[in-house]
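The chain contents come next:
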Amino acid sequence: MTDFTFTNEYQNEISFPLGGIGSGCIGLAGNGQLVDFELFHRPNKQTVNGLTHFAVKAEADGEVLDARILHGDIHKEYAGGVLRGYHSWGYGHGASRMTLAGMRHFRDVTFHGNFPIASVTFQDTDFPGSLTLHATNPFIPSNQKDSSLPAAFFEWELDNTTDRKITYTIAFTMKNPFSGPTRNAHIQENRYSGLFFSTRKKKSDPAYGNATILTDCPSSSYQEYWYRSDWFDDLTTFWKNFTTYGPLQNRHYTTSGTDGEMATLTGQLTLAPKTQGVLRFLFAWYVPNVCKYWDKAGASGKPYIWKHYYTSLFHSSQDAASYCMEHWDTLLSQTRLFQRTLYDSSLPPVVLDAIQGNLAILKSSTCMRLSDGSFYTFEGANTTAGSCEGSCTHVWNYAYALAFLFPELERSMRDLEYTYSVKPNGEMNFRLMLPLSDTDAFTNCCADGQLGGLIKFYRDYKLCGDTEWLMRHWPQLKKSLEFAWSKENRFKWDPEETGVLTGRQHHTLDMELFGPNAWLTGYYLGALKAGAYLARAANDPEAADHYEALYQKGSAYVETHLFNGEHYIQEIDLKDRKILRRFGQTGTYWNTETEEMKYQYQNGCEIDQVIAQWHAHLTGLGNVFDPVHVKSALRSIYRLNFRSMRELNNPCRIYALNDEKGTSVLSYAEGSYQPRIPLPYTEECMCGMEYAAACLMLMEGMEEEALQLVQAIRNRYDGKKRNPWSEIECGSSYVRSLASYAFLPAYSGFAFDLPDEWIGFHPVHPGNYFFSLDGAWGNAHLYGSQAENTADSIELLYGQLTLSGYLTDRTSVSQITLNGTELAFTTAQAKSGTLLRFTAITLTAGSTLTIR
């Protein structure tokens, strides 16, 4: 299995999220420290929770052989830095004592980051043995419940490499994460020993909650409180307590602390020479009240508070912790099965790195859950608050991971959008505000977000096959698409029903384009094709015919007028102020010095000019643009936009710099006219856009170029400069980067149509590929026409999947079997292969469908 490893200064920026989807998380730093405690439904970056840590001691023959903190060296901020919180004095006061860098720790530490599991190995020539930490939270596609647990799992492997019997003790020290007055208490439940952290705040308070640490080790000791005193007495005393031979002695106070206090739980294991053992610890939290902290006043004048989804599953952190402990083996075995299947996929290592690195976004504080479990997100995470609320539609256009891995959660976003965001005239807000009933809190729509919504719904419907779901939303879907030419469209997108957007078009770069352009009209064309498919499925053939006719008209115009021979463009006269007067925008969009429009791109080479074709290939829509023109446009993007940052003057946000390479939003060919003030963010490198362009290059036969673009991104996230599990844009853990997951269905050529009960593959290269869709996932072993004597097989590893068809790229098929039993089948030619039809079958975990 591919292993992504980090040592020394390449651990500097690592914070690997451990927590459930939308349920809060903590971070595992590259040197093994626990950081970024984000339990209160908001970001909390560059922090630690007091002196929380793991430590180990080794004992034999009545003496302590060694004891040390389970951290590695730090390699930055020796003079002090930005770490916030408990006993942090900042620059000029030395390395923060919260790092525990002044305590004895391990010299040789390697971080292995293979999401969803991080492993850290600890070795030192002076320590009798070695340790490996495996840290995770369950990540099981199509099992959103167990993938949303408010907990972090820690499994310590101990290896006695010596020639003597040694007793090892691992101590898990945790600061009560709540504000005072607080209590720490020992708990004993069945075969589990632990500590329970609580606060005496009111149960309705957003700061109310509790937390639990548990171990299943039968030989355990604990200390409910560290010594209460001044200066550095608490750590000094604890270390003397811990490094004394024998179990840790309890300290109990009858009075509550004024703030969260430290407590320690230990597990002990005796190992014979040259043997190994395992100790398990679990940290669970329960903060039931979620506050709309970013707008505390709210429309009602009171903060909006709701109960978190996990309160419907558990009544306390101890309840959650017990569930995790009871189901530990199943939860982690299924998580490891997913990890192993994903990592065994026949993908270039850099592509696998991009996929796994960005799946961590789903576990970050960017994501939230509403009371009923609906998925709700910011665009990214700032230091102490989310960045850009409202599950922004035009950013989520790029995010493919959730749709394939947790389709139920992705559909919950469509449910919210088409229930609360579509107005009576069809206009769709691109931000969903809370509370959901406050539909007038945000009133703006965007062309790419609204029209991209049709494509996303089409994808989600094909991934689940739930026609009842489609029928429930069809009236709003239809209304949102037909808003493009509605007389009530105040932005006049396509009032003449030309199939081309010509009016005022808000978009993901936060301003408006005017006039025809391939980028946003591409979304329109894709939406028309998706709408036609959905209309026929919803028994609305008249609408389907209308949409298809509009598509034909628009497509002809785009290829004739918006392709300049090398790439697609925007058709606009920048000197024509009348265009702006039509929409009352002469102030914002008019450059009085050059007497021309601002924030347009005209003849520029824009990175998203053919993004609609990316969506179309991934979802099965077919061609949106002329294939020859698409490939030419991609070559232009590679030639003009992909470059070293040394070549740019970037006045915008800096996501790549110095000798780093990236693909900028916009560029111009030499000799081409460049507007004085072009699109916002022109010089920026936005990872999600880069992935989309690169993935389309792959699907259009430009694999070498695609890999160069991806390698440039991941070189920027090397652990030394930036966090490999938190790509940035407008905040960290930015959801647009979930575009990287699209490389998996792109490489495998995954095709799907569950309403018609078939799936299929057309891989770029023969090999093994993880696949996932609603309620099921597995491993596709694909050889196709490139190895006629070798069978293709679909091995289902989780869930169940009903099929009556399979799309293959094999030139001939002689036999289909399910678990060795032959199936009768017929064949029919399809656009992208041969569709094999058979009587409906249901695959369950362990089933194998073989095609030879």
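What counts, and at which threshold
Residues numbered from 1 in each chain as written. Predicted model: local features only at pLDDT ≥ 70, side-chain atom pairs only at ≥ 80, totals over all residues. Heavy atoms only, no water. Helix = DSSP H or I, 4+ residues; strand = E, 2+ residues; numbered from the N terminus. Expected span 1.5 Å × (residues − 1). Buried < 20%, exposed > 50% of the residue type's maximum accessible area, 1.4 Å probe, protein only. Contact = heavy atoms within 4.5 Å. Phe/Tyr/Trp six-rings, centres within 6.5 Å; stacked < 30°, edge-to-face > 60°. Lys, Arg positive; Asp, Glu negative; His and termini not counted. Salt bridge = Lys/Arg side-chain N within 4 Å of Asp/Glu carboxyl O. Polar contact = N/O pair within 3.5 Å; in protein donor to acceptor, adjacent residues only side chain to side chain. Pairing = 2+ DSSP bridges.

*Asks:* Looking at this structure, how should I read helix α16 (residues 687–699)?
*Replies:* The terminal C-alpha atoms of α16 lie 18 Å apart, and with 13 residues this matches the ideal 18 Å at 1.5 Å per residue to within 8%. Burial runs high along α16: 12 of the 13 residues are buried. The complete set of buried residues in α16 reads C687, G688, M689, E690, Y691, A692, A693, A694, C695, L696, M697 and L698. Close packing links the buried residues of α16 with α4 (349–359), α14 (611–619), α15 (627–640), β31 (661–663), α17 (703–716) and α18 (743–748). Looking at the residues trailing α16, positive phi occurs at G701, about 85 degrees.

*Asks:* Explain helix α7 (residues 407–421) to me, please; I cannot follow it from the model alone.
*Replies:* Residues lying three or four places apart along an α-helix face the same way, a consequence of the helix completing one turn every 3.6 residues. A rise of 1.5 Å per residue sets the reference length of α7, with its 15 residues, at 21 Å; its end C-alpha atoms lie 20 Å apart and thus fit the reference within 8%. Burial analysis of α7 places 11 of its 15 residues in the buried class, which makes it a mostly covered element. For α7, the set of buried residues is P407, L409, E410, R411, S412, M413, R414, L416, E417, Y418 and S421.

*Asks:* It is not clear to me how the packing of aromatic side chains should be interpreted in this structure. Could you clarify?
*Replies:* If you walk through the whole model with that rule in mind, you get 65 aromatic pairs. Plain terms: the ring middles of F54 and F281 are 5.8 Å apart, the flat faces sit at 65 degrees to each other, and that makes the pair edge-to-face. Here F281 lies in strand β18 (residues 276–286) and F54 lies in strand β5 (residues 53–60), a separation of 227 residues in the sequence. For F281, a relative accessible area of 0% gives the class buried. Aromatic side chains F770 and W777 sit 5.8 Å apart centroid to centroid with 45 degrees between the ring planes, which places their arrangement in the tilted category. On the basis of relative accessible area, F770 is assigned to the buried category, the value being 1%.

*Asks:* Honestly, unusual backbone geometry in this entry has me stumped. Any pointers?
*Replies:* Apart from glycine, the bulk of residues carry a negative phi angle, and the bulk of peptide bonds sit in the trans form. Of note, the amide linkage connecting G180 to P181 takes the cis form, showing an omega dihedral of -5 degrees. Take P181: it is sitting in strand β12 (residues 179–189). Cis peptide bonds are those with omega within 30 degrees of zero, and the linkage from L434 to P435 qualifies with -5 degrees. Looking at the secondary structure, you find P435 in the loop between α7 and α8 (447–464). Backbone geometry places Q46, a non-glycine residue, at a positive phi of 60 degrees. Along the chain, the position of Q46 falls in the loop between β4 (34–38) and β5. Classification of Q46 by relative accessible area gives partly exposed; the value is 40%. The backbone of K492 sits at a positive phi, close to 50 degrees, despite the residue not being glycine. Note that K492 resides in the loop between α9 (467–482) and β25 (504–506). Its relative accessible area of 33% is what places K492 among the partly exposed residues.

*Asks:* Please explain the side chain of E606 as it appears in this structure.
*Replies:* Inspection of the secondary structure assignment puts E606 in strand β29 (residues 605–606). The charged side chain of E606 is buried without a salt bridge, its nearest counter-charge being R736 at 8.9 Å. A polar contact is formed between the side chain of E606 and the backbone nitrogen of D608, at a distance of 2.7 Å. Not counting residues up to four positions away in its chain, the partners in contact with E606 are L509, W519, Y601, I637, V665, L666 and L679.

*Asks:* Any chance you could explain the pairing of β4 here in plain terms?
*Replies:* A regular strand places its side chains so that they alternate between the two faces of the sheet. Within β4, five of the five residues are buried, leaving the element largely enclosed by the surrounding structure. As paired elements, strand β3 (residues 25–29) and β4 share three bridges and run antiparallel to each other. Directly across from L28, in β4, lies its bridge partner L34. In sequence, β3 turns back onto β4 through a hairpin of four residues, with G32 there showing a positive phi of about 100 degrees.

*Asks:* So what exactly am I meant to see when it comes to the pattern of salt bridges here?
*Replies:* Oppositely charged side chains are able to pair whenever their charged atoms sit close together. As enumerated under the stated definition, the model contains 42 salt bridges in all. Notably, a salt bridge pairs D66 with R104, separated by 3.0 Å at the nearest N-O pair. With D66 in strand β6 (residues 63–69) and R104 in the loop between β6 and β7 (108–114), this residue pair connects regions lying 38 residues apart in the sequence. Here R104 falls in the partly exposed class, since its relative accessible area comes to 45%. In this structure, the salt-bridge partner of K578 is D576, at a minimum N-O distance of 3.2 Å. Look at K578 and you get exposed, because its relative accessible area is 57%.

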